[in-house]
Amino acid sequence: NDTFLPRQTSKENGGIPYQLQLKELKAILEVQEKHFPFLTKKDDDGRTVSEKICSILSFRVPYYVGPVNDAHKREDGGFCWIVRKEPGPVRPWNFEEKVDLDKSGEAFIRRMTSTCTYLIGAEVLPKDSLLYSRFMVLNELNNLKLNGEKLPVEWKQDIYEKLCIKRSRVTLKAIKDYLISTKGISKADELSGIDEELKGTLKSERDFRRILGNDFDATVAEECILTLVLFSEEKRMVRRRLAARFGDRLSSEQLTDICRLRYSGWGRLSREFLTEIYDTNPATGEAVSIISALWNTNENLMQLLSSAHQFKQRIDERNAEINGAETDFSYESMVEPLYCSPVVKHSIWRALVIVKELEKILGHAPEKVFVEMAREEGEKERTVSRKNRLKALYKKIGKQANELSALLEQKSDAELRQKKLYLYFTQMGKCMYSGRPISLSDLNDENKYDIDHIYPRSLTKDDSLDNLVLVERRLNRDKSDDYPLRDNYRQHELWKMLLGAELISKKKYDRLVSVSPLTEDQLSGFIARQLVETRQSTKAVAEVLQKLYGRERVVFVKAGNVSDFRHDEKHNFVKVRELNDLHHAKDAYLNIVVGNVFHTKFTADPRNFIRRAPPRSYSLTKMFDFDVSRGGVTAWKAGEDGTIATVKKTMAGNRILFTRYPFEFGGEFYDQMPMKKGHGQIPRKSADPRFADIDKYGGYNNDSTAYFFLVRHTVKGKEARTIEYVPVRLADKLRGDESALLEYCSGTLGLLNSEILIPEIKLNTMFVINGFPMHISGRTGNSITFKVAAQLVLTDEQTAYLKKVCKFNERVKAKVATEPTKSDGITAEDNLKLYKALLEKHKNTVYKNRPAQQIELLKEGEKKFPGLSLKDQCAALGNILVLFKCVFARADLSLIGGSKQAGTVGVNKNMMGNSSARIIYQSPTGLFENSVDLLGAFGI
């Protein structure tokens with residue numbers, strides 16, 4: 001039958017369908033059964049030997065079952081998730097008798113789904129579950145506003161029941177038309193709070209109401225949805241599972257209709273979170289769940305989790321119960337149970353070890369532990385070209401934007417990074433408060449135009465474009481920090497036009513049109529965002545710290561607040577990441593300073609602060625202009641002789657301890673692609689002598705290093721002390737077994753008269769060789785490679801200028817600059833001064849002992865440097881800076897006559913060629929260390 005033959009050639013893997021091979025096998029067995037009667041003998045299960053042989057050919061393990069050896073269960077640290085019906089060997093012919101396919105399939109999906117964002121370990125709901133769909137829709141509806149005011153709860157509930165349940169698509173226009181026809185609002189009224197249509201839908205509820213009719217049961221529907229999501233690719237399993245569960249309640253036609261439904265994906269919340277975390281209704285004293293509160297109020301989830309309610313407290317209590325009261329300080333008890341990635345877990349553990357050592361040094365637990373909150377996603381800089389985005393939007397607008405399009409073409413992306421210019425184009429060249437045209441030539445005249453914050457910056461540190469408008473300076477001055485905007489500032493037609501053209505966001509539009517003063521909840525929310533963390537990784541750190549020291553001692557600090565303090569023009573602490581790693585320690589110090597002021601000022605409950613304090617009794621922009629005290633504790637003393645004097649003195653210091661975490665590498669053994677004959681380090685099949693010859697069959701390259709060791713041996717009659725590596729593939733065998741390590745030295749490395757001096761030297765261990773500190777990082781040939789461990793320090797003036805150079809180099813790399821402009825503040829004279837300063841560091845400081853130091857090249861390069869363009873001078877300075885960096889890197893010094901890969905820090909593995917060589921074993925903080933002389937006696 002030609003139609004049965006495969007399209008592939010028989011040479012391809014799987015080119016012949018197994019059915020042909022099965023047919024051939026059966027024919028062979030039929031013949032053999034006449035000569036070997038045991039083939040027809042049936043076992044206790046009623047299967048013949050021939051049938052078992054055929055099942056070996058035709059059987060495959062379903063992908064959702066995975067490894068069948070349940071000795072490696074995931075809960076025991078393994079990789080197996082199979083669920084067994086009964087014990088015993090699993091064979092192709094008894095597979096379904098031994099393995100629970102349904103439960104194994106569910107375990108397969110569950111192992112890949114995340115857990116609840118808020119409750120530790122709670123399984124998330126399917127995205128299309130009735131409960132999660134209800135949450136999504138209500139969470140959106142609760143943002144609806146009419147003329148800047150929240151809708152009455154009854155109106156919101158009517159919209160849900162009359163529109164959302166019945167329609168597959170609910171638009172803002174449809175909601176407004178419904179309210180006009182039923183609630184008597186007018187077309188002139190402004191409805192806002194959501195995008196053009198609701199993102200959430202109640203599709204699954206409509207599906208099951210249609211299929212089940214009057215017998216609709218939410219419990220049945222939810223289990224059907226879960227089954228459909230779990231086994232979306234296995235419809236036979238879906239039908240079998242639902243028939244077994246609801247065969248007495250669902251007809252064959254209903255089962256067929258349900259199996260035709262298509263649902264996939266998971267939400268981010270659990271059923272427990274939505275239905276089993278309670279607040280207390282102050283009026284009735286009744287317990288209210290989150291989903292009930294979403295239905296009976298007009299607050300969204302973030303508002304419900306604020307300090308105005310008890311939900312957050314209950315979540316913390318629930319998580320604390322799950323964590324238990326275990327106080328044993330170990331990775332297994334403190335970190336392993338956390339629901340985050342292994343990389344994050346290891347970072348958390350290293351932080352905890354440092355905190356624990358500091359506690360030991362201090363002699364008591366810390367009074368407060370400050371945790372920095374990284375910038376939110378919305379605070380990150382835009383990576384999409386602003387110019388291209390504006391050009392695309394102007395093209396949609398058409399003729400109305402012709403003049404602006406011509407002006408836009410004359411501007412570069414670098415220029416559009418200026419907020420004033422970008423706002424000018426997003427506002428189509430008009431003042432947002434008067435509607436009058438803005439003169440582009442006068443744009444940077446500070447006496448004419450200002451950038452204003454819609455929500456006053458004294459109340460919320462929101463510097464996003466959603467909160468900024470370009471306006472006439474006199475209007476901004478008269479407005480002060482009032483909110484909402486006065487009637488004579490309102491330009492509804494302009495704002496509507498900009499929103500429709502997508503030049504401003506819906507959030508900015510809602511802030512502009514609102515007529516309601518900021519509420520107590522909003523004000524406390526602004527402060528709370530400075531004090532509360534929502535990021536999963538940071539929350540994981542906080543959970544452990546709160547477990548160690550108590551909830552009240554852990555204080556969150558917003559990175560934006562620290563950045564504002566650092567860059568305040570009154571003290572402007574310059575940070576240059578490219579200079580050294582000391583900025584991490586200084587950032588940590590500023591986090592404590594700033595975090596302590598905010599925590600002392602507002603306490604942990606900003607809502608209570610707002611209630612007790614007189615109106616407008618604080619300004620987030622002037623937090624450090626006045627003394628901050630509470631409960632007899634002064635967190636900040638204003639004035640030049642106050643706290644800032646101590647901060648400046650501390651920030652000026654550079655005697656900062658720098659350590660790296662020593663570790664043993666455990667990853668791939670070597671490069672996975674085998675090399676051709678004559679190449680490679682490791683035989684293709686070392687266990688098979690026929691393939692052990694690399695010269696004939698090739699091998700694998702780049703044998704990965706797990707750790708190093710120091711061995712004394714003899715080379716040509718002389719003593720040698722070499723640092724040798726232990727490969728990852730042999731680490732388990734050699735670790736802790738000196739006799740095996742000695743055998744490795746003699747058999748594999750070919751060393752004579754070996755004696756192990758230091759059996760394990762981990763990666764990142766600190767060495768001081770010939771007076772220069774380094775961290776061991778790898779190997780290449782007979783050399784050991786290192787990362788520099790000395791931190792470069794420059795004067796304040798040199799640091800400030802270096803920052804200008806680095807910023808310009810970044811712009812060149814981003815292809816938004818070619819040569820420095822006047823605004824970059826870069827000159828040939830200052831470039832040469834910085835070059836000489838870096839050369840001086842190489843000649844007369846610890847860097848003169850650096851392996852592969854480039855002193856002579858830099859001296860010769862000083863003659864060539866002035867002849868370079870300003871752009872190339874900056875590039876050369878950036879590459880010279882690489883020589884000082886505490887990373888394994890190569891510097892491109894070709895602009896001054898050097899190599900493109902200069903300065904790699906490498907030392908011969910034989911330590912005997914050095915005048916001095918020591919290992920420095922450091923404690924996590926670096927406050928304690930132990931030195932070992934690698935050239936010393938070692939017990940002799």
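Reading the values: rules and limits
Once a new chain begins, its residue numbering starts again from 1 and follows that chain's sequence as written. In keeping with the predicted nature of the model, local features appear solely for residues at pLDDT of at least 70, side-chain atom pairs appear and are counted solely at 80 or more, and the whole-chain, interface and lining totals rest on all residues. In computing side-chain values, all of the structure's heavy atoms are included and hydrogens and water are not. Note that patches include only residues with greater than 30% relative accessible area and no salt bridge, and the join distances are 9 Å for like charges and 5 Å for nonpolar side chains (Val, Leu, Ile, Met, Phe, Trp, Tyr). Areas reported here follow the Shrake-Rupley algorithm with a probe of radius 1.4 Å; residue values treat only the protein chains shown as occluding. When a carboxyl oxygen of Asp or Glu lies within 4 Å of a side-chain nitrogen of Lys or Arg, that pair is called a salt bridge. The helix count covers DSSP runs of H or I at least four residues long, the strand count covers runs of E at least two residues long, and both are numbered beginning at the N terminus. Burial classes: relative accessible area under 20% of the type maximum marks a residue as buried, over 50% as exposed, and values in between as partly exposed (1.4 Å probe, protein chains only). Strand pairing requires that DSSP identify at least two bridges connecting the strands. Only the stretch in contact is used when a helix axis is fitted, and all axes are lines through C-alpha atoms; the angle between N-to-C directions ranges over 0 to 180 degrees. Residue contacts are defined here by distance: any two heavy atoms, one from each residue, within 4.5 Å place the two residues in contact. By convention a nonpolar core is built from buried Ala, Val, Leu, Ile, Met, Phe, Trp, Tyr and Cys residues, the set being connected through side-chain atoms within 4.5 Å. The pLDDT value expresses, per residue, how confident the predictor is, ranging between 0 and 100. Multiplying one less than the number of residues by 1.5 Å gives the expected span of a helix. The criterion for a disulfide is a pair of cysteine sulfur atoms lying within 2.5 Å. Roughly parallel covers angles under 35 degrees, roughly antiparallel covers those over 145, roughly perpendicular covers 65 to 115, and oblique covers all other angles. Should the near helix be turned anticlockwise from the far one by less than a right angle, the crossing is termed left-handed; should it be turned clockwise, right-handed. Residue classes follow a fixed rule: Ala, Val, Leu, Ile, Met, Phe, Trp, Tyr, Cys and Pro count as nonpolar, while Asp, Glu, Lys and Arg count as charged, and any other residue, Gly among them, counts as polar. Only four residue types enter the charge count: Lys and Arg as positive, Asp and Glu as negative, with His and the chain ends excluded.

The next thing to look at is a nonpolar patch on the surface. A surface patch of nonpolar side chains, about 620 Å² in accessible area, is lined by Ile354, Leu358, Ile361, Leu362, Leu657, Leu927 and Phe928. Looking at where Leu927 falls in the secondary structure, it is placed in the loop between strand S23 (917-922) and strand S24 (929-933). Judged by its relative accessible area of 46%, Leu927 is partly exposed.

This part is about the sheet that holds strand S18 (residues 752-761). The pairing of strands in a sheet comes from backbone hydrogen bonds and takes either a parallel or an antiparallel form. Across the sheet, which stays open at both edges, the three strands sit in the order S17-S16-S18 with antiparallel pairing between neighbours. The open sheet has two edge strands with one neighbour each: strand S17 (718-727) and S18. With direction set aside, neighbouring strand axes in the sheet form an average angle of 25°. Direction of pairing for strand S16 (residues 705-715) relative to S18: antiparallel, over a ladder of five bridges. Opposite Arg712, over in S18, you have Glu755 as the bridge partner. Running over the sheet, helix H33 (residues 738-747) touches S16, S17 and S18 and is turned about 125° from S18.

Time to look at the sheet that holds strand S2 (residues 145-146). Read across the open sheet, the three strands follow the order S3-S2-S4; overall the sheet is antiparallel. In the strand order of this sheet, the two ends are held by strand S3 (149-150) and strand S4 (191-192), each with one partner. Taken together, the two bridges between S2 and S4 define a ladder with antiparallel strand orientation. In the sheet register, Leu146 faces S4, and the bridge partner there is Leu191.

Before going further, it helps to examine the nonpolar core. Phe767 and Phe786 are the most contacted members of the largest nonpolar core, which has 75 residues in total. What Phe786 contacts, discounting residues up to four positions off in sequence, is Phe767, Ile769, Met774, His775, Ile776, Ser777, Phe888, Val905 and Val907. Counting residues in each nonpolar core, the second largest holds 44 residues, with Cys116, Tyr118, Trp295 and Leu305 among its members.

Per-chain confidence: the protein averages 84 in pLDDT, with 90% of residues scoring 70 or above. Model confidence for the protein, summarised as mean pLDDT per element, is weakest for helix H25 (residues 520-531) at 52 and strongest for strand S19 (residues 766-769) at 96. Here residues 376-383 scores under 50 on pLDDT; set against residues more than four positions off or in separate chains, the count is seven contacts. The model gives residues 530-534 a pLDDT under 50, and that stretch makes 23 contacts with residues more than four places away or in other chains.

With that out of the way, let us pick up helix H34 (residues 796-813). With 18 residues, H34 ought to run about 26 Å at 1.5 Å a step, and its terminal C-alpha atoms sit 26 Å apart, in line with that. Every buried residue of H34 is accounted for by Thr799, Tyr801, Leu802, Val805, Cys806, Phe808 and Arg811. Residues of H34 that are buried in the fold lie against helix H20 (413-416), helix H35 (828-844) and helix H37 (870-882). Looking at the residues trailing H34, positive phi occurs at Lys815, about 60°.

To continue, consider helix H17 (residues 342-362). Its 21 residues give H17 an end-to-end C-alpha distance of 30 Å, which sits within 8% of 30 Å, the value for a rise of 1.5 Å per residue. Within the sequence span of H17, burial applies to Lys345, Ile348, Trp349, Leu352, Glu357 and Glu359.

Attention shifts here to the pattern of salt bridges. Scanning all chains against the criterion turns up 42 salt bridges. Ionic pairing is found between Glu472 and Arg474, a salt bridge with its closest N-O pair at 3.6 Å. Taking the relative accessible area as the measure of exposure, Glu472 reaches 11% and is therefore buried. Note that Asp732 is salt-bridged to Arg735, the shortest N-O span being 3.1 Å. Salt bridges here are not isolated pairs; linked through shared partners, they connect Arg712, Glu719, Arg721 and Glu755.

The tally for this structure, following the rule as stated, stands at zero disulfides. The structure places no disulfide on Cys224, whose sulfur is separated from the nearest cysteine sulfur, that of Cys259, by 8.7 Å.

Our focus in this paragraph is the packing of helix H10 (residues 235-246) against helix H11 (residues 252-259). The interhelical angle for the contact between H10 and H11, taken along N-to-C directions, is 140°, at an axis separation of 10 Å. Between H10 and H11, the crossing angle belongs to the class labelled oblique. Note that H10 runs across H11; the crossing there is right-handed. The segment H10 lies against H11, with Lys235, Val238, Arg239, Leu242 and Ala243 engaging Ser252, Leu255, Thr256, Ile258 and Cys259. When grouped by side-chain class, the residues that make up the contact of H10 with H11 number six nonpolar, two polar and two charged.

Considering the arrangement of structural elements, one finds Asp128 in the loop between strand S1 (124-126) and helix H5 (130-141). With no salt bridge to any partner, buried Asp128 finds its closest opposite charge in Lys127, at an N-O distance of 5.5 Å. Contacts of Asp128, omitting those with residues within four sequence positions, involve Ser133, Ser204, Ile225, Tyr263 and Ser264.

This paragraph deals with the packing of helix H18 (residues 386-397) against helix H19 (residues 402-409). Between two packed helices, what matters for the description is the angle formed by their axes and the separation of those axes. In contact at an axis separation of 10 Å, H18 and H19 are set at 160° when each is read in the N-to-C sense. In terms of orientation, H18 lies roughly antiparallel with respect to H19. In the packing of H18 onto H19, the handedness of the crossing is left-handed. Judged by residue contacts, Lys387, Leu390, Lys391 and Tyr394 of H18 engage Leu404, Ser405, Leu408 and Glu409 from H19. Per-class residue counts for the contact of H18 with H19 are four nonpolar, one polar and three charged.

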